[in-house]
Amino acid sequence: MRGLLADLRTRRSAARRELVDAERTVISDSEHRRPGTRFGMAAVHVFLFVSLVVAGLGPVLWLAKAAITPTQDTIQQPFALWPNGIDWANLSTAWNDIHIDQYFFNTIVIAAGAWLTQLFVATTGGYALSVLRPKYAPVLNALVLATLFIPGIVLLVPLYLTIVSPPLLGRDASMLNTYAAVWLPMAANAFNILLVKRFFDNLPREIFEAARTDGAGPFRLFWSIVLPMSKPILGVVSVFAIIAAWKDYLWPKLVLPDPAVQPLSVRLPDVQSQTELDVFLAALAIATLIPIAMFLVFQSVFLRSAGLGGAVKG
């Protein structure tokens, strides 16, 4: 009996120590109650917040200001707030004279196609490796992982030759100056496949077994069970895909030599030497609208809790 009581006391002491260690921070509760400590912590928090805002939003806000500022004011007083007034004509000039509207449309088409193809390949590949789990799944997983160690520049020439002369379309066929030449290479993204697979690995298997018991096939399981539970990772992959396609320069430059189908990332550097500084900065500001909008739309997805344990308990 005494041994049992001693064992209980030992466990209680260990639990108390773990609770104290879990609540322990750099500043103890007694120190935090002091007015000087609270004031110092508040000052540090404000300093860090202002520093992060300036470092993160500073360049974006300056670009927004410079987009509607005359060239001379930007050169002479780059940080002054419109010393000689606001020039709204920069935006209309950039939109019409540089044909930003056409290149903007090209960029949206490329980004939308890259998003759709990457999301399709990542979800189906991750589903096959994580949920279906065929016998050769470990081999496929190792091969997909191995592609991450291959430098992208090494694959540039083979990919270009494949686009110039696609194996299945004949020798005379070519995919140059077509959006598919940009979409297809972007679709095979090993990082997205492994990212989605890792997320699918953490989904509750009890739900899959219950769905199979109710007669759900592989497609029904994927469409009705897995995808609705995977909104956080779908949002992350969507942002990665769209941002990567929006800022990509080298590959669209190679496979889209016709300026009529080139995106903003390719055309803006080409027209820089022929454009006034204020108009060029206005064009750059317009080009940043979609990435900023993507962040505002998907920020709730990033911050949303992915706790899916309640689905099993229910």
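- For the chain, the name recorded in an unreviewed UniProt entry is Carbohydrate ABC transporter permease, with Microbacterium hominis as its organism.
- Under the UniProt heading Subcellular location (unreviewed entry), the entry covering the chain gives this text: "Cell membrane".
- Regarding the chain, the UniProt comment filed under Sequence similarities (unreviewed entry) reads as follows: "Belongs to the binding-protein-dependent transport system permease family."

**A word on the overall build of the chain**
In step 1: Within the chain, the secondary structure is distributed over 18 helices and zero strands.
In step 2: When burial is assessed residue by residue, the chain has 32% of its 314 residues classed as buried.
In step 3: Counting only contacts in the chain whose residues sit at least 6 apart along the sequence, the fraction spanning at least 24 positions is 71%.
In step 4: Approximately 19900 Å² of the chain is accessible, and the part contributed by carbon and sulfur atoms is 67%.

**What to know about the UniProt feature "transmembrane region" (unreviewed entry) in the chain**
In step 1: The residues that UniProt annotates with the feature "transmembrane region" (unreviewed entry) are residues 42-64, 103-127, 139-161, 181-200, 221-246 and 279-298.
In step 2: As a span, residues 42-64 carries 100% helix and 0% strand, and end to end its C-alpha atoms are 31 Å apart.
In step 3: In residues 181-200, the share of helix is 90% and the share of strand is 0%. The end C-alpha atoms are 30 Å apart.

**Concerning the nonpolar core**
In step 1: Within the largest apolar cluster, 37 residues are counted, with the highest numbers of intra-cluster contacts made by Ala94, Ile98, Ile100, Val182, Val255, Leu264 and Leu268.
In step 2: At the level of secondary structure, the elements contributing two or more residues to this core comprise helix H3 (35-67), helix H6 (100-132), helix H8 (156-164), helix H9 (180-187), helix H13 (231-247), helix H14 (250-255), helix H15 (264-271) and helix H16 (277-287).
In step 3: The greatest single-element share of this core, amounting to eight residues, is contributed by H16.
In step 4: Two domains each donate at least three residues to this core, and these are domain 1 (1-90) and domain 2 (99-274).
In step 5: Within the second largest apolar cluster, 20 residues are counted, among which are Ala122, Val196, Leu203 and Val226.

**Overview of a nonpolar patch on the surface**
In step 1: Side chains of Ile150, Ile153, Val154, Leu155, Val157, Leu159, Tyr160, Leu161, Tyr249, Leu250 and Leu254 sit close together on the surface and give an oily, nonpolar patch of about 950 Å² of accessible area.
In step 2: Looking at the nonpolar patch element by element, the count peaks at four residues for H8.
In step 3: Locating Leu250 in the fold gives a position in helix H14.
In step 4: By relative accessible area, Leu250 is classed as partly exposed at 42%.

**Considering unusual backbone geometry**
In step 1: Positive phi, normally seen in glycine, also occurs at His99, with a value near 60°.
In step 2: Mapped onto the secondary structure, His99 falls in the loop between helix H5 (89-96) and H6.
In step 3: The backbone of Arg133 sits at a positive phi, close to 50°, despite the residue not being glycine.
In step 4: On the secondary structure map, Arg133 appears in the loop between H6 and helix H7 (137-147).

**Section: the pattern of salt bridges**
In step 1: Counted under the stated rule, the structure contains five salt bridges.
In step 2: Here Asp270 and Arg267 are joined by a salt bridge, their closest N and O atoms 3.5 Å apart. Placement of both Asp270 and Arg267 in helix H15 is noted, with a separation of three residues, approximately one turn of the helix.
In step 3: Judged by relative accessible area, Asp270 falls into the partly exposed class, the value being 27%.
In step 4: One salt-bridge network, held together by shared partners, links Lys197, Asp201 and Arg205.

**Some thoughts on the packing of H5 against H16**
In step 1: At a closest axis distance of 8 Å, the pairing of H5 and H16 adopts a crossing angle of 75°. By the angle between their directions, the pair H5 and H16 is classed as roughly perpendicular. Of the residues in H16, those touching H5 at Asn90, Leu91, Thr93, Ala94 and Trp95 are Asp278, Val279, Ala282, Ala283 and Ile286.
In step 2: Residue composition of the contact of H5 with H16, grouped by class: seven nonpolar, two polar and one charged.

**Notes on the environment of Val164**
In step 1: In this structure, Val164 sits in helix H8.
In step 2: Under the relative-accessibility criterion, Val164 is labelled partly exposed at 27%.
In step 3: For the pair formed by Val164 and Ser174, sequence separation is ten residues and the distance between their alpha carbons is 4.8 Å.
In step 4: Aside from chain neighbours lying at most four places away, what touches Val164 is Ala173, Ser174 and Leu176.

Each value, and the rule that gives it
- Every chain is numbered independently, its residues counted from 1 as its sequence is written.
- Restriction of local features to residues with pLDDT of at least 70 applies here, the model being predicted, together with a cutoff of 80 or more for giving and counting side-chain atom pairs; totals for whole chains, interfaces and linings are based on all residues.
- With hydrogens and water excluded, all non-hydrogen atoms of the structure serve as input to the side-chain values.
- UniProt positions are given in the numbering used here, feature names are shortened, and annotations may be inferred rather than shown by experiment.
- In this description a helix means any DSSP run of H or I spanning at least four residues, a strand means any run of E spanning at least two, and both kinds are numbered starting from the N terminus.
- For every residue, the accessible area (1.4 Å probe, protein chains only) is compared with the maximum for its type, and the residue is labelled buried under 20%, exposed over 50%, or partly exposed between those bounds.
- Any two residues having at least one pair of non-hydrogen atoms within 4.5 Å are treated as being in contact.
- For every accessible area listed, the method is Shrake-Rupley and the probe measures 1.4 Å; residues are considered covered only by the protein chains on display.
- Nine residue types can take part in a nonpolar core, namely buried Ala, Val, Leu, Ile, Met, Phe, Trp, Tyr and Cys, and a core is a set of them joined through side-chain atoms within 4.5 Å.
- These domain boundaries are the output of an automatic or database domain assignment.
- Patch members must show over 30% relative accessible area and no salt bridge, and they are joined within 9 Å when carrying like charges or within 5 Å when they are nonpolar side chains of Val, Leu, Ile, Met, Phe, Trp or Tyr.
- Criterion for a salt bridge: a side-chain nitrogen of Lys or Arg within 4 Å of a carboxyl oxygen of Asp or Glu.
- Axis lines are fitted through C-alpha atoms, for helices just across the contact stretch, and the angle between N-to-C directions can take any value from 0 to 180 degrees.
- An angle below 35 degrees is read as roughly parallel, one above 145 as roughly antiparallel, one from 65 to 115 as roughly perpendicular, and any other as oblique.
- Here the nonpolar group is Ala, Val, Leu, Ile, Met, Phe, Trp, Tyr, Cys and Pro; Asp, Glu, Lys and Arg are the charged ones; every other residue, Gly included, is treated as polar.

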